Amino acid sequence: LSEILQDVGNGKIQLPDFQRPWTWECGRIKRLLASLSLGYPMGAIMCLERGNPNLNFKYRPLEGVENPPNEPLSLVLDGQQRLTSIYQATSSSKPVVTFTEKKDDLRVYYYFDMRKCLDPQVDREDAIEVLPADKIRRVNFNRDIELDLSSSEKEYRQLMFPANAIFNKQAPTDWLLGLAQCPDAPADALEVFKQFKIKVLDVVDAYELPIITLDRETPRSAVCTIFENVNTGGVPLTVFELVTASFAAENFDLPKCWKEECLPSLKASDEPVPIRLFEHFDKTQFVTTVALYVSYKKKMTTGTGFVSCKRKDVLDLTCEEFKANYKTVLSGFKMARTFLMRDECIYQENDMPYMTQVTPLAAICAWIGETKFGKPEVKRILSRWYWSGVLGEMYGSANEGRFANDIVDVVDEIEGRQSEQRTVRDATFSAVRLTTMRSRQSAAYKGVMALLYKAGCKDFVGGYTMDLAHFLNEVPDIHHIFPKTYCEKTFDLRKVPEMHWNSIVNKTPISYQTNRSIGGAAPSKYVAKLLKADPDSLTHDKLMENLASHGIDTTALCADDYPTYFIARAKHILNLIETAMDKKVSDRSSDEVVKKFGASLSI
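Worth saying up front: this structure is predicted, and the values here are computed from it rather than measured.

Cut-offs applied
- Residues numbered from 1 in each chain as written.
- Predicted model: local features only at pLDDT ≥ 70, side-chain atom pairs only at ≥ 80, totals over all residues.
- Heavy atoms only, no water.
- Helix = DSSP H or I, 4+ residues; strand = E, 2+ residues; numbered from the N terminus.
- Buried < 20%, exposed > 50% of the residue type's maximum accessible area, 1.4 Å probe, protein only.
- Contact = heavy atoms within 4.5 Å.
- Pairing = 2+ DSSP bridges.
- Phe/Tyr/Trp six-rings, centres within 6.5 Å; stacked < 30°, edge-to-face > 60°.
- Lys NZ or Arg CZ within 6 Å of the ring centre and 35° of its normal.

Novice: Is there a simple way to think about the overall build of the protein in this case?
Specialist: In terms of regular secondary structure, the protein is built from 27 helices and 13 strands. By its C-alpha atoms, the protein is 90 × 60 × 55 Å across when sized along the principal axes. Scored against the burial criterion, the 603 residues of the protein give a buried share of 49%. Across the protein, contacts joining residues at least 24 apart in sequence account for 73% of those joining residues at least 6 apart.

Dropping the structure here:
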């Protein structure tokens, strides 16, 4: 690799001008550096040998290379993103010109935290620091300095090795000499550098990268076809694909196992009435679930190691471990589906609050087994943990650490050991959140709808409880109780803001036919219309019972008394939330709640 980068820098390797611009963002470069420092393969580079007069492409240097002294001997067809990223980060004295995930421009330097690189429990990606062009990271709106590496002495004191010194033959030696002469360097600095050199610098220095070279006689049509086929926009390999490659060396076909065994099981293809909660469950997440289960199993059976399912742990999963445990994990998914469908009234994939939370749920179920799973006390523990995660909105991002905590905490509680119950402990729900829950894509929004099903809400007209059997027959949808058209035409937005009547407080699941019957009329009018349409089957008392099953104050509804109705419905939803989380909503009578709702929501 060092020779390839030297050729990039002196212009012997350049790009055909038809190549698209370099497009990798900061985090992706960081992940590539982590893989490089561990010696992981990154795939082959494909080049075209120059010299064919019929292929006299215009060329340009890779971004970051300025005024190369040579004309190119070869042009990169596939691998531009990788080569450019590595060159800029490791072989250029200037900051890497990149951008954030939100496409904001960045100019950054990369550093290896030497201590973290030597810690086997730290993911290598977490050992790489990214600093802005002045090498000072500021926080708190740029008021405070979090990390300052703006001088060599500051690098020495904090044992931060600059990535752009890796392929400079003299730089590591100069850096070591500076470290040895730094009076403020840590006492063990030279030993840390020695180990860092062995485990990181020497690995990178010895790194070899395969190059496929098309010779100069390759026809133009062939070059174009090959380029179109290989240059797919730099789509990275997934963890599943990397594990697939690892298992293939042991003659195990992971994609075949996924397609023929795992996916049909997740889809419940062999059950009389398939409930396809997991039909689109991600295959990478499935392997992550197996890794979580395996790491917990190791911890419990050997008493050593850490429970974890980060990328590193998934890649470390052996073929033997996968084959020995994936069927048990599939049984955990089956129990998880039963729990969600039968006990928590989540009937379809689109209504799943967090698909990510299924990973710890399935791993927990796989460990405890069907005998314990069937016990009422276990269901209570699982239910409280599950709704704490959903209504506390705990699974939005960076979940691997929570996965590990959850399987430890929940199983400890189930098996009678002291449990930290971190998700249960940390989950909170604010009453004010009700007015901001307007999108059916929100996890908490989906959760509240499931709680309404669980509480036995009935269709206004049909009178049937929206259980699984009726759900499969006619999938209900979410509609306004005070119809949207009525609210828009009737309410003064200064007194009844849109955030009130368009929030979850004014929405509930009903059938399509019932919604058509309601239309956009005032509640008093649509109640009269429903009773008049079928007076023999739908009596006044029965309709009031059906409405009340949704937590609706029927007296207020029939009088078009929106303020009274709204407060009563908000209280009902909060009661369901408190029951599910087994925890009080602490701000029901706070000043902010009174300001937002116009009254306290205390019972």
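The structure having been displayed, the exposition proceeds.
Novice: Just to check I follow, could you spell out the sheet that holds strand β4 (residues 74–78) for this structure?
Specialist: Where strands meet in a sheet, backbone hydrogen bonds hold them as pairs that are either parallel or antiparallel. Here 5 strands make up an open sheet; going across it, the order is β3-β1-β4-β2-β11 and the pairing mixed. Both edges of this open sheet fall to β3 (59–60) and β11 (211–214), since each of them pairs with a single strand only.

Novice: Is there a simple way to think about the packing of aromatic side chains in this case?
Specialist: Any aromatic ring pair is given by two values, namely how distant the centres are and how the planes are angled relative to each other. In this structure the tally under the stated criterion is 32 aromatic pairs. Look at Phe482 and Tyr565: their rings are 4.8 Å apart centre to centre, the planes differ by 35 degrees, and that puts the pair in the tilted class. Here Phe482, found in the loop between β12 (477–480) and α20 (484–490), pairs with Tyr565, found in helix α26 (residues 562–581); they are 83 residues apart in sequence, far enough to count as distant. Here Phe482 and Tyr565 have matching classes, each one buried. By way of ring pairs, the aromatic residues Phe482, Tyr486, Phe491, Tyr562, Tyr565, Phe566 and Phe597 are connected into one cluster. Lying across the ring of Tyr109, Lys135 places its NZ or CZ 4.6 Å from the centre.

Novice: Is there a simple way to think about unusual backbone geometry in this case?
Specialist: Trans peptide bonds make up most of the peptide bonds, and negative phi angles are found at most residues other than glycine. For Phe141, which is not a glycine, the phi torsion comes out positive at approximately 55 degrees. Inspection of the secondary structure puts Phe141 in the loop between β8 (136–139) and β9 (144–148).

Without other data, these values stay purely geometric and don't point to any function.
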